[in-house]
Structure formats: C-alpha cells, structure tokens
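What follows is each chain in one-letter form.
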Amino acid sequence: MSIPYFPGCTLHVKAKALDDSTRAALAVLGLELSGLPEWTCCGTVFPLARNNYIGMVASARILANAAKQGDGRLVTVCSFCYHVLKRVNHAVRNSDEARTKLNDYLEEDYDGQLRVLHPLELLRDEVGFGALRNRVGAGLKGTRVACYYGCMLSRPAAEMDFGDPEDPAVMEKFVAALGGEPADFSWKTKCCGSYQVLNEQGLVAGRVKDIFQAAAAGGAQVIITSCPLCQYNLEAHSEADNHSRIPVLYFAQLLGIALEIPINKLGLAGRYADPEALLQGARR
Amino acid sequence: MTGESTMVSIYIMGKQYEVPDGVTIMKAMEFAGYRFIRGCGCRGGFCGACGTVYRTPGNFRLKVGLACATMVEAGMHLAQIPFYPANRAAYDLQALAPTLGTLRQHYPEMTRCLGCNQCTRICPQGLPVMDYIAAAQCGDLEKTAHQSFDCIMCGLCASRCPAEIVQYNVGILARRLFGRHIAPPARHLAQRVQDIEAGKFDDELERLMRMGREELQKRYYARDIE
Amino acid sequence: MYTPEMLGLVKTVEQSRERRLKETFPRLTAEEKTNILRSYHPDYMEGSMRPVMVGPNAGDSMPHAHADLLESRSLADVDGLPLDKVDYDVDVLVIGGGGAGTAAALLAAEEGAGVLLATKLRHGDANTMMAEGGIQAADKENDSPAIHYLDAMGGGGFTNIPELVRALVADAPRCIQWLESLGCMFSKDPDGTMNSNHGGGTSRKRMHFAHDYTGAEIMRTLRDEARNRGIRVVEFSPAVELLTDELGQCAGAVLYNLETGQYLIVRAKTAVIATGGSGRLHINDSPTTNHYGATADGLVIAYRAGARLVFLDATQFHPTGVAFPEQIVGQLVTEKVRGLGAQLVNIDGEQFIYPLETRDAVSSAIIRECRERRKGIGVPSGYGVWLDSPMIETIHGKGTIEKELPAMFRQYIRFGINMAELPIIVYPTLHYQNGGILINDKAESGVPNLYVAGEASGGVHGRNRLMGNSLLDIIVFGRRAGKNAAEKAKSVRLGSLTLEHTKRFNEELRQLGLGRRVAPILLPDYRGKISG
Ligand SMILES: Cc1cc2nc3c(=O)[nH]c(=O)nc-3n(C[C@H](O)[C@H](O)[C@H](O)COP(=O)(O)OP(=O)(O)OC[C@H]3O[C@@H](n4cnc5c(N)ncnc54)[C@H](O)[C@@H]3O)c2cc1C
Ligand code: SF4
Ligand code: SF4
Ligand code: FES
C-alpha cells in the first residue's frame, strides 16, 4: 500500500536519518510512503494570531495538493510538520473563514477532509500493535525506553487529537509492541527549549539536563522522539554537558532495529551518543 | 496573423497610444515613439531587461511578460520594470562547500519564504520559483540548480516577494555551487589540457600552419566525419 | 499559430518524414560550394557593397552600412570637450560588457591591474547572452586541436589568419576548463563527461553546451564572478571615442552617459575593445538575431585611431532565422536543431541541402530554393523553408525538444506553435560579423596599447565563422587581451590626453565632402516603425 507522504525540509539534510528510518521501517511492514511531487516548507510555526492566514498558505497548499493524490491521507513524521499541517487542516475543516480565505487565495477547493497522520498512528491503526508484536524479534526485550513526545505532538488537544495532552500513550504502546518496557518519564511532554537554542543556549541546556535526569530516574536505556529539533537539542547538549550516555533515537530507528533492518539504512552512525550497546542487545 | 494590421489602444504608464495589433509590446512601444535606453537588451527573450507588468480591462489580475516576447492586447495598461534593487552576497566560489549552510549563510532571508507563490505566478519564464526556493531551503542544491536553470534574472520575482528574498541570486549561487562542486569535473578535458601543456600537439599544428592553401583544402575535403 | 493553409502544407512534410529519416542528402563538393556561394550568398549580391573612402582601409569594399559609419564624423563635440578633468584613472579600461569584455576584465584583475569595465546597456546585455547552441573545444579522445584547426580553416574558406586559429584551438580546452571551474553548468553525463554534438562544418562532435542557454550560462557566470571580484562596472555608458596621447598610443576613452547625457573621461594605460558585432545595422535591410546594442561602435572608434579592419565584406547570415510568426521574425533558431537531426525541407517535402554544411552554404541554398526554384513557403515577410523539428523527437525520443531546447521551445510556444509536433519555417537572418579589427595572437590591434577581443575583432574566422567558434573566440581572446593588457599596463608611460586623431579624421572627412552623419550610432532608432 502506498500512502502520500510529506517529508519536510529538515528531513532532506539535517534529519535524513528520520526520513530514511521511517521509510525503511514502514516499507518492511508493507506501507510504502510516496513523497508528494512538489512541496514547500510547511512554515514550521502555526501562526499565533488566528487571522494570520498568510502564515497558513504554505500548509494549506500542501494539504490541497496532497488531497489531489486521492488517498484521503497524508503522512508526515517530523513533529513540527505534523503539528502545523494538522492544525491548518483543522482550521480549514472547521472555520468557514479560514477555508474561504485560503481557498480563494490558492484558487483551490479544499475542504479539510484529508487525514493528517503520524506514522505512530499508522502503526496503531493500519498495522496494529498486536500484529507488530508478532512481526518483531525479541531483540529489544526488556529494553527500557523513555518516550519523549515533546511539546508538538499532543497540544492543543482539541486540534491535535493525539490522546491525553499531558499524558499521551501511543508511543508507550508502540514500545511495548516492540518488546521494550516504557520507562516512567515525568518530562515526556515538556518542551526541550525548541528554537530558543538559537538565542538562549543556557535555557535549552537546563531543560535538557532535566529531561535526561528524569529519563535516568526512570531507568531508561534509550530515549525516543519523532522531532528532529528535540533530537538535536538533546544530543548536542548531552554531549556538551556530559549529563548522560543515554542515546536519543528516532522512534523509527528503534522500530528498524526491532525489525532487524541493517543499521546503515536507519542512519544510525552514532554521532553523539552511542547506541551500540543497545544495538548489541537487540542483535544479541 | 497577417501583414495588414488593425490598430489597438494601449496605455503605456497610463498614456494612450494607438499601435498595430499583433506585435510585441517592445515593438509597439517603439512604434509609439519610444527609444529605449533601459528596458531593452537582447530583444529575444534571453537577457531579462524588459520585464513588463500589465493589466487588461475587467480583470483584477496583474499580468506579466517580457516586452520582447509578449503580444499587445487591446486596452492593456502596462509599465516596464527595468530595474529592481536586489540583495546580493559576494563570495569566493572556490572556497565554499555545496551545502545548505552555505546558502543560508549568504542568504539567511531564504528561510523566511511564506510559500505565497507570488514568485512562481509572476515569472515570465514560467519557472517554479517557489519550488526552487523550497528546494534550496531543504539544501537540495541540485534541484534548485536545475529548476532555476532557465532563469534570465529579470528580477520580477524579487519585486513580488513578501519575504524580501531575491530568488534569482539564490538560484545562481546554487547553480554555481552545483557546477563547481557537485557535478564531477570532466576527466577527458583535464587530460587534454595536460597534453596540450606538454606540447603534444605543437608539431602537428606547426605543420598545418605552414601548409599551403591547396594542401589544406585537399585535407579538409578528405577529412573523415564522425 | 499557423494559418489553415500552412497547416495543409505541414501534411506534405509529415508524409515525407519516414522516407527522409533514412535519407542522407549528399554534401557539396568544393566546386559546388564555390558556385552556390557566388550565385546566392548575400555577400555577392550586386550593389550591396562599396569601397570606403577614408582611413586605414580606404579603397576596401564593405557593406554600405559599415562604410556609412566609417565615413561619419564624431558624435561627441571633440573640439569643445574638456579633457583635463579625468573621471576614471585606471590601468586597464575594458569597453563592452559581453563575454569577451568580462573575460578580459577578470583576467586583467587577476594580473593585479586596476580595471574599469564600461558598457552600453546593462552588464551582460550582449550577443553572448543570446548564444544558444554551444561552444567548441577538441577535448575528446577522437578529436584533436589539429582537427579543430582544419575544420575552422575550411569553414572560413582558408582565409583565416593561421596564428589566430592556432591560439583558438590550442587554448580551447583550457578555456572550457576555466568555465567549468567557475561553476558553469555544462550539460554532462553523470560521470562528468561533457555532452557534445556536431555543429555546421565540424568533423567531430565537439560542440559543448548548457541545454540551449549556453551563452546565457557563460555570460551570467562570468558576470557573477566579476561581481564577486569587485570589478568596477559602469553601465549605460558607451565609449564614443578613444583617447590618444601625443605619441598616438591609446590612452583611454570618452564615455557617454546615456541617462544623463554627460561625457566621462577615462584615462587608461591600456584598453580592450570588446564591443561585439553589428547586426543592428540591418545590412541589406535584413532582420537580425543580434542584441539591441550591436552597432559596430568599437570598429568606428578604433578606425579613427588608426586600426585596420579585415573581412568586413563577409557577413554571416544564419541560415535558420525565424520566418514565422511575424512577431519574432529574424530571431535565431539555433543550429543545434539541425545538430539534433532536423532536416531542411521545401514545400514539396524534399530535402535540398545537407543540413550541416557551413552556414554560408546553407543560407545560399535556402535562398536558391525560395528565390530561384520557387519552392519556399509564403509568409507575411516573404518566404521560408521548413525545418522539420519533430524529427528530433522521432530520433531521440519524445520530450527531447523541451529538455534539450527549452529556450527554442519557449520562443515558439509563446506564439502557439509547438515545434515538437509541427515543423517551423525559417529563412536566413543577419547574424554575425565575420570580420572586424585586425588583431595578432596577443589580441593586439595595430594601435599601441589597444587590444581587441571577440566579435569586434577580425581574422580568427576568416570569411565565415563556424558555430561554437565564436563563444570560444571570446573566451580565448578575451582572456588573452585581459592578461596582456594588464601586463603591458605595468610599463606604459602615457603623455597627455588628446583627441587629435579624431580631429584629424573629421578634417579628412570634411575635405572629402563626407561626414554628414555622426557615429557611433550607439542604438538603432525604431521610433515610429515596426523593427525587423
Ligand atoms: C542569437 C545568437 C546566437 C548565437 N549562438 C552562438 C552559438 O551557439 N555559438 C557561438 O559560438 N556563437 C554564437 N553566437 C555568436 C556569439 O554569441 C557572439 O559572437 C559573441 O558572444 C560575441 O561576444 P562579444 O563579447 O564579442 O560581444 P557581445 O557579447 O555582443 O558584447 C559586446 C558588449 O559591448 C557592448 N557595447 C557595444 N558598443 C559599446 C560601446 N560603444 N561602449 C561600450 N560597450 C559597448 C554591447 O552592448 C555588449 O554588451 C550567437 C549570436 C547570437 C546573436
Ligand atoms: S526566476 Fe525570477 S528572475 Fe528568474 S526569470 Fe523568473 S521571475 Fe525572472
Ligand atoms: S514570493 Fe517569496 S515568500 Fe512567496 S513563495 Fe516566493 S520566495 Fe516564498
Ligand atoms: S530584451 Fe532581453 S529578454 Fe526581452
């Protein structure tokens, strides 16, 4: 089955590992992601002002073009892209004004009926966590995993519809399906400092420290995320401050390991923290 | 489309002129009495000197064309945009790496693109300008290079950009980075340069230079053709 | 869009296509070629030329348009112009911002010279920008500079100056490599091998290209590099006269600011003329492919300073100018169209010339086909013959035209003709000034300290230039001129600035009763007409 897919800018260079591992892992599970033919940046921020429609134009065009693929779904994996596309889609579907303005400008006729999906949702609903469990080996058995959602995936709840905004559970169920053990992790939906990394290194460093401490307290051997910026902030600062040797992986990389996909296809070169120990466990 | 032409009214910067139907805007303006200094370069669609914006009666849309390659329309209101100020970075191509970082360092404003698509709409070459900027934003230099290849640097896209990006300068930087650092150099070319510098062809060329016309002619007509 | 009658005629072309695909029209023998040129080439047309009356070439025949210019007095008021206030004082002045001039400026700057580039329109508004087809260089295994030499000589009717041709062919690979290193996006295979085609008169496939924006790609790359290096450029300021000193050495130029009407005095130790060609003189009332500023200014001002001109009686008509649609009559249909396999076909669907003969021969054959044999296709401006472009798609696959000839495709589709599906109608158009200011292989003219490069120069191509040798010429001799001018500037001692040579020239004209017109003309005047 081939599903329309929006990779997003960051995944072309900086977070190529997220793109590679997502595509590779889903392909093994029979889900082929087919990139949209032409696309732009989603905008990376959802406009704070409700009537700032120019800030929604790029995403609305992406959605309208994706709708023309006729599948009814659009998959995107970067937390930022997912956040922005899903919210713009929500606005088009639910606000008459947003729908009219955006369609008028774009000269499109898009009604917001597309379902913007995260691969975790695909795994849950298309593959099924039960089926996934039967598909993977025992490589990750007993591995304690901290599920780091960050701030983008679950809030605002009404628009994101990603479970309990403060305590979502899909990633934990995913980990369990892989044979791992979700660690207790009180910081799982706290912000890592995000783009503040450009201006306020100190703020991000402090947050990252707290995040690692919380993960370590829960006994985590690995942290997973779907956000290139979280991944970057966590790894960059873990190295700088030497808080922790807990590796930070993309959830799709963990999935790839469980599916025994060769690590070079998952972009796992161990740049900052070394996932080797984990891999050895997985390969046994 | 024939020789005997009917006349139509056009408005050059608001002033009415009668010009023959079916000619290009450039020729019509000259017919109307203009002698270009700016706004005319190659007269053949290659130099980007003659970007023109216009509107036609009863239509809100801003239309655009190269004056040398666009036909007049009855009632059109037009103005040329022969120059538009642009931000351009100076760089040492040889010392640069072909990366997203390089593009961003020279044109940080590139990431401000809102995806409004005005640039693509206005491009008289019909290029996917927004898309090549999108590719640049992702660091896909090769795509930017190819998608922007037919750009004639007319400046119209930059005149419309709410993010104040100068798209065509991003384009040429990407193309030069691609041509210099990504496309592999031609090995046969380097080899030939080496051979020439080593004097490998000197004797033969000397001989030809001294050869009389008749002998040359004989060789010329006898040469084998690939 | 074609008229219904034209569409009817297209059928004949389509019906004969399958047969023609298998057919190779025989090449001309030496004798046939001489005959067809003598009988049909515009150079040999009765009454199209006259001997010029003054200056270094007095008595030599050339087209009226050129003779008119050379027999004109100064545009500037040379007696009243003050020369004591110098606006720019530089080592090397480059006149003309096309490919030759920009290459010269880059090399001169590289030699450490203080450079000023003065140009008439914008930097890059030039014939170089318009070149589509390609640039020659013998850099493949089966080719050599010697074979290139022979092709160029044969193309020029064996009249080319040998030392210039040698420089051209021997520098060629180096020049392409220089452009490559500047990031010029030549069309290449994934392993870096240059794509190369035939051009008219080549015996090897040595035409390098960048789709069909070859000249534009070279021009914008050189211009971009000049900007990176901080080379000073003054636009809209053509040179209207050279300056000399008491010794008769070139000492700079007078520029005319087209926008403000002021004159600017440039003192320069050496100068490079790179003002390009003269298509906008509309020799024989022909339409032209050339840019707006191609008005032979450089020849005029150098001539007054004592430079000799050569081969001005040989004008290149490009065989395939647009004959329809009317709006773009005279614009170029690049030779690459024939290089890719399109044949020339008459109204009956028959070939009448081998498509890749030299340009002079193909032009003559088209003129014969229309004028004498009356097998042309009628168009508003006269007649033309078919160029069977859809053959390219048959031979190389669907989509080739849009991919390999995007500029051509765009040019026609703007007027509703899809050249991938329908043949186009062409007729010879005024294209290239084969001759110009005589130079040696250092790019020196006969006037001390005055260098010349590019289409403004003469001798490299003899009486007929091959496609792809001009873009090459501007890089080879542009580089040589820039380098040598910078080198020379180091030892030049100038006297005081004068316009004595012009005053003498004007006086000579007056005595002969000539000089009623002024030159250079700088720009053609199309006010109140529809230009060709
Ligand atoms: C449509 C077309 C297609 C062509 N295709 C090919 C091809 O495929 N291959 C090939 O090898 N050749 C081709 N040629 C020929 C080739 O492009 C030109 O001969 C060559 O580029 C000339 O370069 P140049 O620098 O000498 O002159 P140009 O590029 O014309 O530059 C001369 C510059 O000098 C400026 N100038 C003029 N007068 C003055 C003045 N008084 N003061 C200051 N500046 C002045 C002009 O405005 C211009 O900018 C083509 C030409 C045309 C017109
Ligand atoms: S991309 Fe911009 S500068 Fe280039 S041709 Fe299009 S509008 Fe003109
Ligand atoms: S005009 Fe500017 S902001 Fe709009 S799409 Fe183009 S580059 Fe982006
Ligand atoms: S005059 Fe050069 S593009 Fe129109």
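Quantities reported herein were computed from a predicted structural model and do not represent experimental measurements.

Draft legend 1. Structural context of the overall build of chain B. Along the backbone of chain B there are 10 helices and 5 strands. In terms of overall size, chain B is more extended than a compact globule, its C-alpha atoms giving a radius of gyration of 25 Å where 226 residues would be expected to give roughly 17 Å. Principal-axis analysis of the C-alpha atoms gives chain B an extent of 70 × 55 × 30 Å. Nonlocal contacts in chain B, meaning residues at least 24 apart in sequence, comprise 57% of its contacts between residues at least 6 apart. As presented, chain B carries roughly 9700 Å² of accessible surface, and 51% of it is formed by carbon and sulfur atoms. Charge separation in chain B, taken as the distance between the mean sites of 26 positive and 22 negative side-chain charges, equals 6 Å.

Draft legend 2. Structural detail: the site of ligand 3. What surrounds ligand 3 is the set C113, L114, G115, C116, N117, C119, M130, C161, P162, A163, I165 and Q167 of chain B. When the residues that make up the shell around ligand 3 are grouped by side-chain class, the tally is 9 nonpolar, 3 polar and no charged.

Draft legend 3. Main features of the interface of chain A and chain B. Contacts between the two partners involve 15 residues from chain A, matched on the other side by 17 residues from chain B. Summed over both partners, the interface of chain A with chain B buries about 1400 Å², with 50% contributed by carbon and sulfur atoms. The interface formed by chain A and chain B includes 3 salt bridges. Between E107 of chain A and R61 of chain B there is a salt bridge, with its nearest N and O atoms 2.6 Å apart. Linking chain A with chain B are 8 residue pairs in polar contact (both at pLDDT 80 or more), by the criterion used here. A total of 4 residues in the side of chain A that touches chain B trace back to one element, the largest contributor, which is helix α2 (residues 54–67) of chain A. Split into classes, the residues belonging to the side of chain A that touches chain B amount to 9 nonpolar, 2 polar and 4 charged.

Draft legend 4. Representation of the packing of aromatic side chains. Tallied over the entire structure, the rule returns 15 aromatic pairs over all chains. Ring centres of Y383 of chain C and Y427 of chain C lie 5.6 Å apart, and the angle between their planes is 50°; this geometry places the pair in the tilted category. With Y383 of chain C in strand β17 (residues 382–387) and Y427 of chain C in strand β18 (residues 424–433), the pair connects residues that are 44 residues apart, well separated along the chain. An aromatic cluster is present here, built from F46 and F149 of chain B together with Y213 of chain C joined pairwise through their rings. Across the ring face of W187 of chain A, the terminal group of K190 of chain A is positioned such that the distance to the ring centre comes to 5.6 Å. Cation over ring: R220 of chain C sits above F149 of chain B, and NZ or CZ is 4.9 Å from the ring centre.

Conventions and cut-offs
- Residues numbered from 1 in each chain as written.
- Chains lettered and ligands numbered in written order.
- Predicted model: local features only at pLDDT ≥ 70, side-chain atom pairs only at ≥ 80, totals over all residues.
- Heavy atoms only, no water.
- Helix = DSSP H or I, 4+ residues; strand = E, 2+ residues; numbered from the N terminus.
- Rg over C-alpha atoms; globule rule 2.2 N^0.38 Å.
- Contact = heavy atoms within 4.5 Å.
- Areas by Shrake-Rupley, 256 points an atom, 1.4 Å probe, with all protein chains shown as cover.
- Lys, Arg positive; Asp, Glu negative; His and termini not counted.
- Charge placed at Lys NZ, Arg CZ, Asp CG, Glu CD.
- Near = heavy atom within 4 Å.
- Nonpolar A, V, L, I, M, F, W, Y, C, P; charged D, E, K, R; others polar.
- Buried area = accessible area lost by both parts, 1.4 Å probe.
- Salt bridge = Lys/Arg side-chain N within 4 Å of Asp/Glu carboxyl O.
- Polar contact = N/O pair within 3.5 Å; in protein donor to acceptor, adjacent residues only side chain to side chain.
- Phe/Tyr/Trp six-rings, centres within 6.5 Å; stacked < 30°, edge-to-face > 60°.
- Lys NZ or Arg CZ within 6 Å of the ring centre and 35° of its normal.

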